[in-house]
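Observations on the model geometry
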Amino acid sequence: MINGKKQDVNTGEQSSQVTIMMHGEKLFLSGLIALIALCSGLNTPIYWVAIPEIKKHFDITEEQANLTITAYLVFQAVSPMLVCTFSDIWGRRPIILYCMLASLASNLGLVFCPSYGVMIFLRCLLAAHAAPLIAISSAVVGDFTTRIDRGGYVGFTFGFTLIGSGLAPFIGACLDQRWKWRGIFAFAAILNAISLILAFLFLPETSHPIVGNMSILPRHFIHKSPIIYIRGRKRICGLEANTTKKYKFNIKEIVTTMKLLKDPLVIFALVPNSLIYATWTMSQATMSLSLSDSYHYVPIKVGLCFLAPGIACCISAILCGKLLNHGYKKQHDSRQITEEETDTSNEPKEIPDAQTKDLTVNSENSPNNHQPNIIRARLRYFQPFNLGVVISSILYGWSVNQLWNVATVIIFTAILTFCSVYPQTATNTLLVDLHPENSGAVSSLNNLFRCGLGSIFISCLTKMNGSLTIGGTYTLMAGICTISSLCLPLVLRQSDSIIRKRPEKYTDNKATQNV
């Protein structure tokens, strides 16, 4: 115990108790949050296989059909900035319940959608309420974790969302085969309803300004989960009132998210990740239309072709959490070894008392003293996965363009999907690490960049394919991804200097106190 804070025996980090939840309860809450985020993640890819059918049903062009995806991505990019800021202010639970209720209503409306215009409107409404759930889920995980274990939990919840995105086209194909495209939205509505009931019963409030480390009973009924009275009432005693923060609403908080862009590291992390996401989203839309139009596959066969990328996404999501935790541990071990070598190499010298005191203070305040380099820990494996995205993107584009054997197309899109997961998970984890006090806002900023670029490229996809061919389009995207990632080696090389200049933001002491 040092200055009233616990010190982890494995990492040497000082931290206060972030939550009274036990390990099993953390796993349960992570699973529930993953299910909630899954409801949001399914909304776009689950009906990719039905796009050709929707195009015929409403008698629209391919570009108009792609507009249903673009419209969703635009609102998916913008809405979390507002909604997630409210979750930081008014709490996670009420915002999650509201968003899920509105998503349920939107999906029910899509089941009975009478026209193309109404579909566009309802897709925008769905995106405005469903999209924030992914960003808020990362914020919830940030509430009950520290940097030591955050990689695994974020990898699980965020990765589970990507798993849903990978398997969604296959699920959508099975539903479309039996109940056509309206059955897809009916399934989404049912899943939303089940998740809403579970969230109402078992989702506790986790926001620190409201419940501290969850040892404080919330004042308002909307923040109170029935599970509190069954499972945790005996542990709610209010003794950790010092873990709460008083908050007064200020309209300026609405633009808090954009202020985070003042941090250059946020930009360097967001841009490469967003371009990878845009490339992956384009590949999924292209695959659906190409298999239907060029390979003349029926929806169920198209869905089966999406099964391999879905499995690749599952494997990659599991691997990502382990890699993030391994990267953090390896960075800590290397820092500890370096410090031990430095200590043993220095011969003891007599130093005047005043000078000794100054050195002691500097040593304690040094960001390098028992502080793993969080930037290098999270982005350690970014470049190898980015290289995989670049190579597989080029091969995928030309395999579709030249109508190679469909097995080749499936293999390349599976590799592209596998390599796309780690950059997204690592970036999201790093952003929460750097800004734990604004985890909802920073997660929505990640969403803004990803979906914003995705919507731009999806809206241009048909014209790009017409001008450059499909192979040329994905070669161009590979080149853009390569160029955007050139800054990362420089960031990693200069990361120690960045941390040394701004220790209050990039060291663990602040993070563990605010998480």
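Placed above this text is the structure.
Figured I'd write up the structure that's included with this text.

Calculation notes
Residues numbered from 1 in each chain as written. Predicted model: local features only at pLDDT ≥ 70, side-chain atom pairs only at ≥ 80, totals over all residues. Heavy atoms only, no water. Helix = DSSP H or I, 4+ residues; strand = E, 2+ residues; numbered from the N terminus. Buried < 20%, exposed > 50% of the residue type's maximum accessible area, 1.4 Å probe, protein only. Contact = heavy atoms within 4.5 Å. Areas by Shrake-Rupley, 256 points an atom, 1.4 Å probe, with all protein chains shown as cover. Polar contact = N/O pair within 3.5 Å; in protein donor to acceptor, adjacent residues only side chain to side chain. Expected span 1.5 Å × (residues − 1). Axes fitted to C-alpha atoms, helices over the stretch in contact; angles between N-to-C directions. Parallel < 35°, antiparallel > 145°, perpendicular 65-115°, else oblique. Nonpolar A, V, L, I, M, F, W, Y, C, P; charged D, E, K, R; others polar. Salt bridge = Lys/Arg side-chain N within 4 Å of Asp/Glu carboxyl O.

1. A look at the overall build of the protein chain
Helix and strand content of the protein chain: 22 helices and 2 strands. A total of 515 residues make up the protein chain; the buried ones form 57% of that total. Counted over contacts in the protein chain with a minimum sequence separation of 6, partners at least 24 positions apart contribute 84%. Of the roughly 21500 Å² of accessible surface on the protein chain, a fraction of 65% belongs to carbon and sulfur atoms.

2. Quick word on the side chain of S225
Structurally, S225 can be placed in the loop between α8 (208-211) and α9 (226-232). At 2.9 Å, the side chain of S225 and the backbone oxygen of L201 are in polar contact.

3. Things to note about helix α3 (residues 62-90)
Counted at 1.5 Å a residue, the expected span for α3 with its 29 residues is 42 Å, and the 42 Å between its end C-alpha atoms agrees. Phi for G91, located one or two positions after α3, is positive at around 105 degrees.

4. Some details on the environment of G142
With respect to the element layout, G142 can be found in helix α6 (residues 132-143). Note on G142: relative accessible area 3%, which makes it buried. On a C-alpha basis, the gap between G142 and P436 in space is 6.6 Å, while along the polypeptide they are 294 residues apart.

5. Considering the packing of helix α5 (residues 116-130) against α6
Packing of α5 against α6 leaves a shortest axis separation of 6 Å and a crossing angle of 5 degrees. With respect to each other, α5 and α6 are oriented roughly parallel. Residues A127, A128, H129 and A130 of α5 form the contact with α6, whose own contacting residues are P132, L133 and I134. Of the residues belonging to the contact of α5 with α6, the class tally is 6 nonpolar, 1 polar and no charged.

6. Some remarks on the pattern of salt bridges
Where charged atoms of side chains with opposite charge meet at close range, the side chains can pair. The full count for this structure, using the stated rule, is 1 salt bridge. Residue R92 is joined to D143 by a salt bridge in which the shortest nitrogen-to-oxygen separation is 2.9 Å. Of this pair, R92 sits in helix α4 (residues 92-111) while D143 sits in helix α6, and the two are 51 residues apart along the sequence. Residue classification places D143 among the buried positions, given a relative accessible area of 5%.

7. So, the side chain of S40
Among the structural elements, S40 can be located in helix α1 (residues 23-41). When its relative accessible area of 2% is taken as the criterion, S40 is described as buried. Dropping the residues within four chain positions of it, S40 is found in contact with Y72, A130, A131, L133 and I134.

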